Amino acid sequence: MFVSFFPKPKLFFMSVVLWSAVLVAAWFLGGAQLGALIGLPPAAPDAPPIIGVSIFWSPPFIWFYIYFLFGVLLFYGFWRWYSPNPWLRWSILGSALILFVVYFQVQVSVAVNAWYGPFYDLIQAVLSKSETATPEQLYREVGSFAGLALVGMNVAVLNAFFVSHWIFRWRTAMNDYYVSHWERLRHIEGASQRVQEDTMRFSQIMESLGVAFVDSIMTLIAFTPVLINLSRHIGELPIVGEVAQPLVLAAIAWSLFGTIALAVAGIRLPGLQFRNQRVEAAYRKELVYGEDHEDRAQPATLAELFSNVRRNYFRLYFHYVYFNVVRYTYLQANNMFSLLIMVPSIAAQRLTLGLMNQISYAFSQVTSSFQFLVNSWSTIVELLSVYKRLHAFEATLSGDELPKLDQEYIEAGGVEERA
């Protein structure tokens, strides 16, 4: 799954983490100021924030683009020299481009959050008649938001287009790798389905899940400082009282609660999804044999195989009932949680309308990042089931022991056992 696309996967991913840590540390230890040497200085501490789309071509941003590109090219050059790979441009440069675009999209969200404060404070002042504003001023403020939204939308569309191509290259690499070892893999149950369908599903899931994971990490990095800065406006939390960094503490505690609850409720789903793919494959395989052989796909055999399909689906439906009860209860409560933690500060008149919107938006961004497992659990379950099937290929090629469920299938004589 990985060796076909990435050079020396274990070492490669370790080097990604290490090099990323080096670049981040260098940036915060003085790299951000180096742009001043070429006329791209960081923003002054007392400079007013830039509101609107022009922030993306301000000197600090342009210097970051150059810094990021330099770091990526150094990394690519090393791996091109150390371990040449036909997919190196896609696996390194393509991945870096996706990473950068996701970062850019997160920065659009940060810019929108910065726009919320002054805009809604202006609306509050106008509605309370403490200030006046002309229609032109309000149109200009709305236009500022429209510019951010337009940039974010178009970048998202272009990124989706590129990610689709990047993922298909990964699928192509997997397909070519497995086909080149077909003689060693063809005896595994559902081998043809695993090469054709499971590689497709793996790549599609990685497209949505991988980008969502990177987005969660980037959002967490970008919005946690925003949430820390906004925490000074929150005097105390309900029940808990006064604590340091109340918004950050509440976001972490609430997200951990949801993640643990969903993990416990859905612990049996990956195995059931994997077994579901097996019984479906066994039924489909018999039907395919029946197309060419009259003695295959007899009614009694098909009835037995379909009863296995039916039994597994009904078990899956049952376990999804309580899982979805926990999931949707938590997500509905999540919609109200940020408002609940602001109640004491609202009652104490410490917040303005602009601050309320900024806190609510920033809090939702941070909690959604911490809630990656909550929001993606069903997709993760499907990915794990696909991984289990492709792992049998990996085990065969490396000479390792087959996964337990595949061993059960072989011990049963190649017939799906009654579950």
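All figures in this text were calculated on a predicted structure; none of them were measured in a lab.

**Here we look at the UniProt feature "transmembrane region" (unreviewed entry) in the protein chain**
In the numbering used here, UniProt assigns the "transmembrane region" (unreviewed entry) feature to residues 12-40, 60-79, 91-116, 145-168, 209-228 and 248-269. Note that residues 91-116 is 100% helix and 0% strand, and that its end C-alpha atoms are spaced 38 Å apart. Spanning residues 248-269, this segment combines 86% helix with 0% strand, and its end C-alpha atoms are found 31 Å apart.

**With respect to the packing of aromatic side chains**
Summed over all chains, the structure comprises 46 aromatic pairs. Their ring planes at 80° and their centres at 5.8 Å tell us that F5 and W166 sit as a pair that is edge-to-face. Of the two residues, F5 is situated in the segment before α1 (9-28) and W166 in helix α4 (residues 135-180); the sequence distance between them amounts to 161 residues. The buried category is assigned to F5, whose relative accessible area is 0%. The exposure class assigned to W166 is buried, which follows from its relative accessible area of 10%.

**Section: helix α2 (residues 59-82)**
Look at α2: 35 Å from first C-alpha to last across 24 residues, which is about the 34 Å you get at 1.5 Å a residue. Residues F61, W63, F64, Y67, G71, V72, F75, Y76 and W79 constitute the buried set of α2. Its buried side turned inward, α2 meets α1 and α3 (88-127).

**Points about the nonpolar core**
Formed by 74 residues in total, the largest nonpolar core has its most connected members in W170 and F223. The biggest single contributor to this core is α3, with 16 residues.

The rules we used
Residues numbered from 1 in each chain as written. Predicted model: local features only at pLDDT ≥ 70, side-chain atom pairs only at ≥ 80, totals over all residues. Heavy atoms only, no water. UniProt positions renumbered as here; feature names shortened; annotations may be inferred. Helix = DSSP H or I, 4+ residues; strand = E, 2+ residues; numbered from the N terminus. Phe/Tyr/Trp six-rings, centres within 6.5 Å; stacked < 30°, edge-to-face > 60°. Buried < 20%, exposed > 50% of the residue type's maximum accessible area, 1.4 Å probe, protein only. Expected span 1.5 Å × (residues − 1). Contact = heavy atoms within 4.5 Å. Core = buried A, V, L, I, M, F, W, Y, C linked by side-chain atoms within 4.5 Å.

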